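Remarks on the overall topology
Take a look at the letters that make up each chain.
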Amino acid sequence: MDAEQRSITAPDGTPIAVTRHHGGDRAVVFLHAGVADRRAWDTVATELADDGLDLVAYDRRGYGDTPAATDPSSFTHVDDLLVVLDDLGLERALLVGNSMGGALALDAALLHPERVSGVLLIGAGVSGMTDEDTPFDWELDPATEPLLDRAEDADGPVDDRLAALAHLWLDGPVAPEGRVGGAARDLFLAMNRRILEVAAPDSAGDAGVGAWTRLGDVAVPVLTTWGDLDIPADLPFYEETARRLGQGPARVLPGVAHLPGLEQPAVVADLVRDALRAR
């Protein structure tokens, strides 16, 4: 199944970079993490090449080949998602969201459930997430804190920031640095070098949904998953997300960190198959 590279123009003229593997009628749209771009899903798409699926991945504004918005408040990521769906003629799709992509998937499921056939969450954020209404606090562990400080140091050397980002998000902060190597690491570094260059604000494209307090209203099927090597402070929030959704048992993925699609694409492909069966 050959990949089609195309550009979809948003109403304000912004070109959105899209990769499509068109092999069937069932649509799956992959939404990347804040430390990735659409290329992070290439190996997952390869694993699904014979499944008869229409596989779509695109770069959000400020990532990969899609430029950042001049005014971060001039658009929403949910509206851009609808633009992509409409341009490709997709009435409904399974949304596969990793990290910030998961937050986008949940926002879309709440705002436009008629366009979402289901959601697969992988180490997902949630818009409006807070520890103020939980019995636990977000507290950094000794392994994560120095890595996060290095990664977020805007005055630090780029290569040092990239190394910290890779240890934090790809290897997992409690795992040895370099646990994930080869092509996956090279791609992670390339994606994040671009992200650091653009430096789009995290708040750009916020739709103002505040899904954290509305998870019980999500009406489409959701499968919630995360890697057991992800940031320790985030693990209780993934568990709480699954509890608030109340749709079934969550799945903890052994031996992977925040980006399972990069390091174990076959595992993520199987999750996609399971989520499709649950629709």
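Here is a short report on the structure shown in this document. (Residues numbered from 1 in each chain as written. Predicted model: local features only at pLDDT ≥ 70, side-chain atom pairs only at ≥ 80, totals over all residues. Heavy atoms only, no water.)

Quick word on helix H4 (residues 144-151)
What H4 keeps buried is the set Thr 144, Leu 147, Leu 148 and Ala 151. Looking straight down H4, one finds its buried side chains confined to an arc of 100°; they lie on one side. Summarising the contacts, the buried residues of H4 are in contact with helix H5 (158-171). (Buried < 20%, exposed > 50% of the residue type's maximum accessible area, 1.4 Å probe, protein only. Helix = DSSP H or I, 4+ residues; strand = E, 2+ residues; numbered from the N terminus. Arc of directions from axis to C-beta. Contact = heavy atoms within 4.5 Å.)

Considering the pattern of salt bridges
Throughout the structure, instances matching the rule amount to 21 salt bridges. Note that Arg 61 is salt-bridged to Asp 80, the shortest N-O span being 2.7 Å. You can see Arg 61 sitting in the loop between strand E4 (53-58) and helix H2 (77-87) and its partner Asp 80 sitting in helix H2, a full 19 residues away along the chain. Each of the two residues, Arg 61 as well as Asp 80, counts as buried. For Arg 194, the salt bridge goes to Glu 197, with nearest N and O atoms at 4.0 Å. A residue pair is termed a helical-turn pair when its members lie 3 or 4 positions apart in one helix, as Arg 194 and Glu 197 do in helix H6 (residues 182-198) at three residues. With relative accessibility at 32%, the residue Arg 194 sits in the partly exposed group. (Salt bridge = Lys/Arg side-chain N within 4 Å of Asp/Glu carboxyl O.)

Regarding the packing of H5 against H6
Where H5 meets H6, the axes come as close as 10 Å, and the angle between the chain directions of the two elements is 125°. As the angle between them shows, H5 and H6 are arranged oblique. Once H5 is placed against H6, the crossing between them reads as right-handed. Of H6, the residues touching H5 (which contributes Val 158, Asp 159, Arg 161, Leu 162, Leu 165, Ala 166, His 167, Trp 169, Leu 170 and Asp 171) are Ala 184, Arg 185, Phe 188, Leu 189, Asn 192, Arg 193 and Leu 196. Looking at the contact of H5 with H6, its residues break down into 10 nonpolar, two polar and five charged. (Axes fitted to C-alpha atoms, helices over the stretch in contact; angles between N-to-C directions. Parallel < 35°, antiparallel > 145°, perpendicular 65-115°, else oblique. Left-handed = near helix turned anticlockwise from the far one by under 90°. Nonpolar A, V, L, I, M, F, W, Y, C, P; charged D, E, K, R; others polar.)

Notes on the environment of Ala 164
Looking at where Ala 164 falls in the secondary structure, it is placed in helix H5. Measuring from C-alpha to C-alpha, the distance between Ala 164 and Ala 151 comes to 5.3 Å, with 13 residues separating the pair along the chain. Once residues lying within four places of it in the same chain are set aside, the contact partners of Ala 164 are Leu 147, Arg 150 and Ala 151.

So, H2
Two residues of an α-helix separated by three or four positions point the same way, owing to the 3.6 residues in each turn. Of all 11 residues in H2, eight are buried, a share of seventy percent or more. Of the positions making up H2, those classed as buried are His 77, Val 78, Asp 80, Leu 81, Leu 82, Val 83, Val 84 and Leu 85. If you follow the buried residues of H2, they end up packed against strand E1 (4-9), strand E2 (15-22), strand E3 (26-31), E4, strand E5 (93-98) and helix H3 (100-111). Two residues or fewer past H2, Gly 89 is found with a positive phi of approximately 70°.

Thoughts on the nonpolar core
Ranked by internal contacts, the top residues of the largest apolar core, which has 40 residues, are Val 29, Leu 31, Tyr 58, Leu 81, Leu 95, Val 119 and Val 218. If you list the elements that add at least two residues to this core, you get E2, E3, E4, H2, E5, H3, strand E6 (116-122) and helix H7 (235-245). When near neighbours in sequence (up to four residues on either side) are disregarded, Leu 31 contacts Trp 41, Tyr 58, Arg 60, Leu 81, Leu 95, Val 96, Gly 97, Asn 98, Gly 101, Leu 104 and Ala 105. (Core = buried A, V, L, I, M, F, W, Y, C linked by side-chain atoms within 4.5 Å.)

Quick word on unusual backbone geometry
Although it is not a glycine, Ser 99 sits at a positive phi angle of roughly 60°. Tracing the sequence through the fold places Ser 99 in the loop between E5 and H3. Its identity as a non-glycine residue notwithstanding, Ala 199 has a phi of 55°, on the positive side. With respect to the secondary-structure elements, Ala 199 resides in the loop between H6 and strand E7 (222-227).

Scope: geometric values only; no functional claims are made or implied.
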